[in-house]
Amino acid sequence: MNIVLFGMPGSGKGTQANFIKIKYNLTHISTGDVFRENIKKNTELGKLARSYIDSGKLVPDELTINLLENKIEENTNSKGYIFDGFPRTIEQGIHLDNFLFKKNLSINLTISLEVDERILINRILKRGVESGRADDQDKMKIRQRFDEYNQKTSILKEYYKEQNKFFSISGQDSINQVKDRLTKLIDKHKND
Ligand code: AMP
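What this report covers is the structure whose coordinates are included nearby. (Residues numbered from 1 in each chain as written. Predicted model: local features only at pLDDT ≥ 70, side-chain atom pairs only at ≥ 80, totals over all residues. Heavy atoms only, no water.)

1. Focus: the pattern of salt bridges
In plain terms, the rule: For this document, the term salt bridge refers to a Lys or Arg side-chain nitrogen within 4 Å of an Asp or Glu carboxyl oxygen. Each helix corresponds to a stretch of at least 4 residues labelled H or I by DSSP, and each strand to a stretch of at least 2 residues labelled E; elements are numbered beginning at the N terminus. Relative accessibility thresholds used throughout: buried, under 20% of the residue-type maximum; exposed, over 50%; partly exposed, between the two (1.4 Å probe, protein chains only).
In the structure shown here, the tally under the stated rule is 19 salt bridges. Among the salt bridges present, the one from Glu 74 reaches Lys 71, with a minimum N-O distance of 3.3 Å. Of the two residues, Glu 74 and Lys 71 both sit in helix H4 (residues 61-74), three residues apart, roughly one turn of that helix. Residue Lys 71 is classed as partly exposed on the basis of its relative accessible area, which comes to 23%.

2. Considering the site of the ligand
To keep things clear, this is the line we draw: We call a residue near a molecule or strand when any one of its heavy atoms sits within 4 Å of it. In the analysis that follows, any N or O atom pair within 3.5 Å is treated as a polar contact, provided that within protein one partner can donate a hydrogen and the other can accept it, and provided that, for residues neighboring in sequence, both atoms belong to side chains. Note on areas: these come from Shrake-Rupley sampling with a 1.4 Å probe, and a residue is covered only by the protein chains present in the view. Basically, the charged four are Asp, Glu, Lys and Arg, the nonpolar ten are Ala, Val, Leu, Ile, Met, Phe, Trp, Tyr, Cys and Pro, and anything else, Gly included, counts as polar.
Every one of the 15 residues lining the ligand counts as a neighbour, but Thr 31, Arg 36, Lys 57, Gly 85 and Arg 88 are closest to it. Residue Lys 57 places a main-chain N or O atom 2.6 Å away from an oxygen atom belonging to the ligand. Relative to its unbound accessible area of 480 Å², the ligand is 96% covered by the protein chains. Here the shell around the ligand is composed, by residue class, of five nonpolar, five polar and five charged.

3. Some remarks on the sheet that holds strand E3 (residues 81-84)
The test is simple: One bridge is not enough; two strands pair if DSSP finds at least two bridges between them. Lines are fitted to the C-alpha atoms to define the axes, a helix being fitted only along its stretch in contact, and any angle between axes, read from their N-to-C directions, falls within 0 to 180 degrees.
The strand order E2-E3-E1-E4-E5 describes an open sheet built from five strands, whose pairing is parallel. In the strand order of this sheet, the two ends are held by strand E2 (27-30) and strand E5 (166-170), each with one partner. Put simply, the sheet's adjacent strands are angled 20° from each other on average, direction ignored. Here E2 runs beside E3; their pairing, made up of four bridges, is parallel. Bridge assignment links Ile 29 to a residue of E3, and that residue is Phe 83.

4. Looking at the nonpolar core
Here is the rule we go by: What we call a nonpolar core is a set of buried Ala, Val, Leu, Ile, Met, Phe, Trp, Tyr and Cys residues that are connected through their side-chain atoms within 4.5 Å. In this description, contact between two residues means that some pair of their heavy atoms is separated by no more than 4.5 Å.
Val 4, Phe 6, Leu 68, Ile 72, Phe 83, Leu 96 and Tyr 160 are the most contacted members of the largest nonpolar core, which has 24 residues in total. Elements with a minimum of two residues in this core: strand E1 (3-7), H4, E3, helix H5 (90-102), helix H6 (117-131), helix H7 (139-153) and helix H8 (156-162). Val 4 has contacts with Phe 83, Phe 86, Pro 87, Leu 96, Ile 107, Leu 109, Thr 110, Ile 111 and Tyr 160, leaving out every residue within four places of it along the chain. The next biggest cluster of nonpolar side chains, apart from the first, holds 16 residues, and it includes Ile 20, Ile 111, Val 178 and Leu 182.

5. Things to note about the environment of Arg 143
When you line up the elements, Arg 143 lands in helix H7. Relative accessible area serves as the criterion here: at 33%, Arg 143 is assigned to the partly exposed category. Note: C-alpha distance between Arg 143 and Gln 172 (29 residues apart in sequence) is 19 Å.

6. Quick look at the side chain of Thr 153
By the element assignment, Thr 153 lies in helix H7. In this view, Thr 153 contacts Phe 6, Pro 87, Arg 88 and Glu 148; residues no more than four positions away in its chain are not counted.

7. A few points about the packing of helix H1 (residues 13-24) against helix H9 (residues 175-189)
We apply this condition: Put simply, angles under 35 degrees are roughly parallel, angles over 145 are roughly antiparallel, angles from 65 to 115 are roughly perpendicular, and the rest are oblique. Two helices cross in a left-handed way if the nearer one is turned anticlockwise from the farther one by less than a right angle. They cross in a right-handed way if the turn is clockwise.
For the pair H1 and H9, the least separation of the axes is 10 Å and the interaxial angle reads 45°. When the axes of H1 and H9 are compared, the pair comes out oblique. Remark: the crossing between H1 and H9 carries right-handed chirality. On the side of H1, the interface is formed by Thr 15, Gln 16, Phe 19, Ile 20, Lys 23 and Tyr 24, while H9 contributes Ile 175, Val 178, Lys 179, Leu 182, Thr 183, Ile 186 and Asp 187. When the residues that make up the contact of H1 with H9 are grouped by side-chain class, the tally is seven nonpolar, three polar and three charged.

Below, the structure is given as structure tokens:
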């Protein structure tokens, strides 16, 4: 089973992906986490990605797609993947489909966590205090990330709707309530 979790920054993708990976025995791939690890270790990839991430912009497709493919290759024995924060552009979505197809795999469902922008800003600023993430501490950068999502990522909803694989749930309320909604949806559609 392969699932894509969508949602604006702060919508809870990472938190929920951590539950889902355990419940369904999936490999969790978060491109944002991989970029942050590379920045911490000061790798070439980290150096290239840093300026984009710090300014709230998407990292170019070429770098991101490469990273994603490597992560899948490192986990080829997996029972399935939960993609968190990938794809974020149409180009990435097409690449993911083609890459999985070559391995006789496909995306089963994509789920968007919908949260009101004002709630998101509060969540992100709070996370910024706890994590020290530069892109979580500045309202202009947060706005820039929302704009990137609205301009480049949200059109992927149409892409997956055309494939009958798109679902959305409210990502508001408590973490447990969202988890329940999410698992009910996955259980209903996991064999689609
Ligand atoms: P996240 O932790 O998913 O919110 O990602 C943090 C940042 O990493 C984003 O604001 C982007 O700069 C970068 N990033 C993560 N995933 C992608 C992706 N699929 N495409 C481009 N940039 C990404």
